[in-house]
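Structural features, examined
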Amino acid sequence: MHEISLAEVSRLVGQEVGKSEWITVDQKIINLFADATHDHQFIHVDPQRAAAESPFGGTIAHGFLTLSLLSVMNFSGMPKIREQTMGLNYGFDRVRFMSPVKTGSRVRGRFVLLDCRFRAANMLVTTCEVTVEIENENKPALTANWIAIVQFDPKDRP
């Protein structure tokens with residue numbers, strides 16, 4: 001992934017700034033997420049029952065699993081800010097789960113920078129509109145506005 005300078009970030013507002021690699025969401029990752037969150041609803045972990053009783057034809061990923069994959073999507077798809085010393089997840093606005101991610105599907109994130117503003121001497125707050133696409137599907141898995149904090153040495157502030 002390419003690097004940009006802190007001074008360049010504000011010029012990217014309104015533009016798509018990143019697109020991640022595709023990630024396969026298989027039954028193994030779904031089961032691991034179910035174990036980690038204690039959410040073992042059959043539509044996620046029981047392929048036979050989900051095929052017979054759900055409208056999805058099989059198991060689907062947890063919405064929160066799809067949301068949590070944004071971390072790795074960010075890492076693989078977003079430009080690195082040279083002066084950044086640390087990044088912090090500040091939260092989300094308007095998270096919407098638009099379409100289920102069927103087991104075996106591939107997903108990727110697309111990032112549009114909506115806003116950036118300096119806060120304190122060593123922080124840049126960014127807001128990205130994120131869309132998680134499902135390969136070969138018209139409707140995305142989710143959309144959200146993701147707020148993050150980029151920390152840097154105050155001497156590097158443009």
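Everything in this summary refers to the structure shown in the same document. (Residues numbered from 1 in each chain as written. Predicted model: local features only at pLDDT ≥ 70, side-chain atom pairs only at ≥ 80, totals over all residues. Heavy atoms only, no water.)

So, about the overall build of the chain. Looking only at helices and strands, the chain features five helices and eight strands. Listing the helices and strands of the chain from first to last along the sequence gives β-β-β-α-α-α-α-α-β-β-β-β-β. Across the 158 residues of the chain, 40% fall into the buried class. The contacts of the chain with a sequence gap of at least 6 include a subset with a gap of at least 24, amounting to 72%. In the structure as shown, the chain presents an accessible area of about 8,700 Å², 50% of it carried by carbon and sulfur atoms. (Helix = DSSP H or I, 4+ residues; strand = E, 2+ residues; numbered from the N terminus. Buried < 20%, exposed > 50% of the residue type's maximum accessible area, 1.4 Å probe, protein only. Contact = heavy atoms within 4.5 Å. Areas by Shrake-Rupley, 256 points an atom, 1.4 Å probe, with all protein chains shown as cover.)

A few words on helix H5 (residues 70-77). Burial in H5 covers these residues: Leu-70, Met-73 and Gly-77. Buried residues of H5, viewed axially, fall in a sector of 55 degrees; they line one side. (Arc of directions from axis to C-beta.)

Within this structure, the stated rule accounts for nine salt bridges. Ionic contacts of the salt-bridge type, sharing partners, join the residues Glu-16, Arg-108, Arg-110 and Glu-133 into one network. (Salt bridge = Lys/Arg side-chain N within 4 Å of Asp/Glu carboxyl O.)

Turning our eyes to something else, we now look at unusual backbone geometry. With a phi close to 65 degrees, Ala-120 is a non-glycine residue in the positive phi region. Note that Ala-120 resides in the loop between strand E6 (106-119) and strand E7 (123-134). By relative accessible area, Ala-120 is classed as partly exposed at 48%.

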